[in-house]
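One letter stands for each residue in the lines below.
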Amino acid sequence: MSCASCVGRVERALKQVRGVLDASVNLATERAEIRISDPDVRAEAIRAIEDAGYAVSSPAVELAIEGMSCASCVGRVKRALKAVPGVTGASVNLATERATITGRADIADLVAAVSEAGYQAHAVDPGRHASAGADLRKEQERRVLIRDLLLAAGLTLPVFGLEMGSHLIPGFHELIASTIGMTASWLLQFVLTTLVLVIPGARFYRKGIPALLRGAPDMNSLVAVGTLAAYTYSLVATFAPALLPEGAVNVYYEAAAVIITLIILGRVLEARAKGRTSEAIQRLIGLRPKTARVRRGAALAEIDVANVIEGDIVEVRPGERIPVDGEVIEGESWIDESMITGEPLPVAKAIGATVTGGTINQTGAFAFRATAVGSDTMLSQIIRMVEEAQGSKLPIQGLVDRITMWFVPVVMILAALTFGVWFLFGPDPALTFGLVNAVAVLIIACPCAMGLATPTSIMVGTGRGAELGVLFRKGDALQALQDARVVALDKTGTLTEGRPRLTDLVTVPGYERDEVLARVAAVEAKSEHPVARAIVAAAEAEGLVLPEVRDFGSVTGFGVSAVAGGDLVQIGADRFMAQLGHDLEALSGTAERLAGEGKSPIYAAVGGRLAAIIAVADPVKETTPEAIAALHRLGLKVAMITGDNRRTAEAIARPLGIDEVIAEVLPDGKVAAVRRLKEIGPVAFVGDGINDAPALAEADVGLAIGTGTDVAIEAADVVLMSGNLKAVPNAIALSRATMRNIRQNLFWAFAYNAALIPVAAGVLWPVSGVLLSPVFAAGAMALSSVFVLGNALRLRRFAAPMTERAGPAT
């Protein structure tokens, strides 16, 4: 694919395949994503793409081959692999004992073929990602382009000098005429230009002419028609001048040759820039260590990281990268996790702590048990998530696709009209003027810039987000987040640490503090709620003996009850006590004081009577005030949604500057709260718990704290890998910067074509006598795509409003 027209063509071909529900094609990543109703549709979809004139590549598969001893073994393995249906190429290296296979054959079939030939084989890297497989192919394409550019430039320079020298250097025309003669000059230009068109320029004709014959012209068709028109006209002028009107015998070999050279130059610059758009992915892939030090029996072996299996004991020394995910079983250390979270400070790890593959061990040596390897590691999942976001298509792209579908045919019609108008109404030589201006119209049109405007910005923006610890799980969240007007925050675990601690326990007369705390802690030990854990931790810290518990029951959003030490114990919020018929008047003053201090009051009834009020406080995260201030600077309204009573909630919200507090919300009420906030404007909801999942899904954009539950992360559109709110303003600012960049690219792409196509057609001629040479048109067209890519690359320097340093970039 070379332009936006190709994208539309491939999408239409895929959508016509029976069983394909939807198709999305991305020019920048050169991938198609299809939703299918039947797994067998894949082969038919590939055929549809090939019938449309394009090729479907697949990442190379690398196998480790065991048992080869000589060159004849290499030949035997190679023949066995090539005989597998779907294999398009195979190379075998005896020194590395590796086989690289291209095509669409199953790995199981390849391994079986090697086994039948008398050798053993296994896949080298089960965690390999699509980006890694594409790098080699793109590098080969770049090398071919550079080779062709050098050849084209070497052949074009004499042609340009012979023809344009007479326009630029006084007396040069007479010099050529008096030495080699004009006929010889034209013949030399013919030979050199033919070589340019046939060798480096062949790519445009191989793709452009078949596309034209299928009635589906693309950018290659524009170049092919434009250059062939100039070349054919020059051929007639050279070998059959009598066929042309008097005064119209001119050659335009230099236009055809220079157009090919400049467009290949543009492709080289475009390929280099495209390579830089995916640098974030390449850096992430580069974070994976190649080897791991694994205990094998009594020995310590250094093995390929791809051969580490779950349960292996891996040793890590200071300064080394951790090879896979795992749980520490020996030793302790500090680990730099900035590549995952974007947080600059190292994190302490001791026995029982989890470690992540790709992070850097700093000070101590330790051993850990591997819990996730290959494609299951967090780093692999992050890479996969970023790849999916980079390949996604934003809603804004729909308009571009509709326009570019008709762009190339319209340009060809405009070129034909240009030729007709000049030929019929232009000055002499009208034929020459018509040809030159029609070729200029064909060449200056640039569907590439239109097709690259959106996907390149998405690639760079999502890559930069990954460096900042912001992962866009769904590409359209990148567009939706810029429109957010309200940021709604869950309190526990999002605004606060999520680790409450007991601060107060006030009993009514007739109850002993330690006895009440022991019974309450015994009941709460059956609950997983953070408040329950805080009460249990306080009782254990005081060395209290907890009585036995039976008949435990829970009422979601209200409280819990059980029989502890022979008495019925009921624990919960004021609404739970009111529902049970307990009079709270005796403790109302204490409750007001505690709530005013930002503490969450909880009541306990023992033996059917109100016994105590318990206060639990969840400290606000250190970074929360600064993050909320940053959200306000971005012009956003901040709301807090919590199950706490209103006084407690407002006591927490007031010093933080939160604009709106929605308190006393039951878990199933968060969705209703989000819907109410939508009346103000688009809502971004930030949460981390299981009970946040419905609200994350209901919000216009859901942002999950990466340290939260898997359920919350799955329901979210954006995952914030750090455990604090700093990533929220970063994500919103990045979304706005990326969308601004996309709009700049689209404005340039459309304004460029809208302004320069009429100029190329000659609208300035009647006013100023100015015409646009096809050579300059080719240069402008090549630079248009490069401009769009260069503008997208500026996002790599995006300065987040709240970051001390980046992760993988650093």
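Residues numbered from 1 in each chain as written. Predicted model: local features only at pLDDT ≥ 70, side-chain atom pairs only at ≥ 80, totals over all residues. Heavy atoms only, no water.

## Describing the UniProt feature "transmembrane region" (unreviewed entry) in the protein
(1) Moving on: When the UniProt feature table is mapped onto this chain, "transmembrane region" (unreviewed entry) is found at residues 149–169, 175–200, 221–244, 250–269, 403–425, 431–454, 746–765 and 771–793.
(2) Moving on: In residues 221–244, the share of helix is 79% and the share of strand is 0%. The end C-alpha atoms are 26 Å apart. (UniProt positions renumbered as here; feature names shortened; annotations may be inferred. Helix = DSSP H or I, 4+ residues; strand = E, 2+ residues; numbered from the N terminus.)

## Brief notes about the sheet that holds strand β11 (residues 333–336)
(1) Moving on: In space, the 3 strands of this open sheet follow the order β12-β11-β14, with antiparallel pairing throughout. Two strands in the sheet have a free side with no partner beyond their single neighbour: β12 (347–349) and β14 (360–361).
(2) Moving on: For β11 and β12, the ladder comprises 3 bridges, and the chain directions are antiparallel. Counted as the bridge partner of I335 is V347 from β12. (Pairing = 2+ DSSP bridges.)

## Digging into the confidence of the model for the protein
(1) Moving on: Scored by pLDDT, the protein has a mean of 82; 90% of the residues are at 70 or more.
(2) Moving on: Confidence drops under pLDDT 50 across residues 804–810; counting only partners more than four residues distant or on other chains, this segment forms 22 contacts. (pLDDT = per-residue confidence, 0-100. Contact = heavy atoms within 4.5 Å.)

## Brief notes about the packing of helix α22 (residues 588–596) against helix α24 (residues 646–656)
Between two packed helices, both the angle of their axes relative to each other and the distance between the axes serve to describe the pair.
(1) Moving on: Interhelical geometry of α22 versus α24 gives an angle of 25° and a closest axis separation of 7 Å. On the basis of their axis angle, the class for α22 and α24 is roughly parallel. Taking contact as the criterion, the partners of E592, A595 and G596 in α22 are, on α24, R647, T648 and A651.
(2) Moving on: Residue composition of the contact of α22 with α24, grouped by class: 2 nonpolar, 2 polar and 2 charged. (Axes fitted to C-alpha atoms, helices over the stretch in contact; angles between N-to-C directions. Parallel < 35°, antiparallel > 145°, perpendicular 65-115°, else oblique. Nonpolar A, V, L, I, M, F, W, Y, C, P; charged D, E, K, R; others polar.)

## Concerning the pairing of strand β9 (residues 313–316)
(1) Moving on: Where strand β7 (residues 291–296) and β9 come together, 2 bridges link them in antiparallel fashion. By the bridge assignment, R293 is partnered in β9 with E315.
(2) Moving on: Pairing analysis gives 4 bridges linking β9 to strand β15 (residues 366–372), with the strands arranged antiparallel. Of the residues in β15, the one forming a bridge with V316 is F366.

## Comments concerning unusual backbone geometry
For residues other than glycine, phi is negative in most cases, and the peptide bonds are mostly trans.
(1) Moving on: Residues D428 and P429 are joined by a peptide bond in cis, for which omega reads -10°.
(2) Moving on: Structurally, P429 is set in the loop between α14 (397–425) and α15 (430–444).
(3) Moving on: Here D551, not a glycine, exhibits a phi torsion of approximately 60°, which is positive.
(4) Moving on: Position of D551 among the secondary structure elements: in strand β19 (residues 549–555).
(5) Moving on: Backbone geometry at E664 places phi at a positive 55°, although glycine is not the residue there.
(6) Moving on: Note that E664 resides in the loop between β25 (660–662) and α25 (670–677).

## Observations concerning a nonpolar patch on the surface
(1) Moving on: A surface patch of nonpolar side chains, about 390 Å² in accessible area, is lined by L151, V191, L195, V198 and I199.
(2) Moving on: No other element matches the 3 residues that helix α7 (residues 182–198) contributes to the nonpolar patch.
(3) Moving on: One can find V191 in helix α7. (Patch = residues over 30% accessible without salt bridge, like charges linked within 9 Å, V, L, I, M, F, W, Y side chains within 5 Å. Areas by Shrake-Rupley, 256 points an atom, 1.4 Å probe, with all protein chains shown as cover. Salt bridge = Lys/Arg side-chain N within 4 Å of Asp/Glu carboxyl O.)

## Some thoughts on the environment of A480
(1) Moving on: Structurally, A480 can be placed in helix α17 (residues 476–480).
(2) Moving on: Judged by its relative accessible area of 26%, A480 is partly exposed.
(3) Moving on: Sequence separation between A480 and I732 is 252 residues; the distance between their C-alpha atoms is 9.6 Å.
(4) Moving on: Excluding anything up to four places from it in sequence, A480 contacts D700 and V701. (Buried < 20%, exposed > 50% of the residue type's maximum accessible area, 1.4 Å probe, protein only.)

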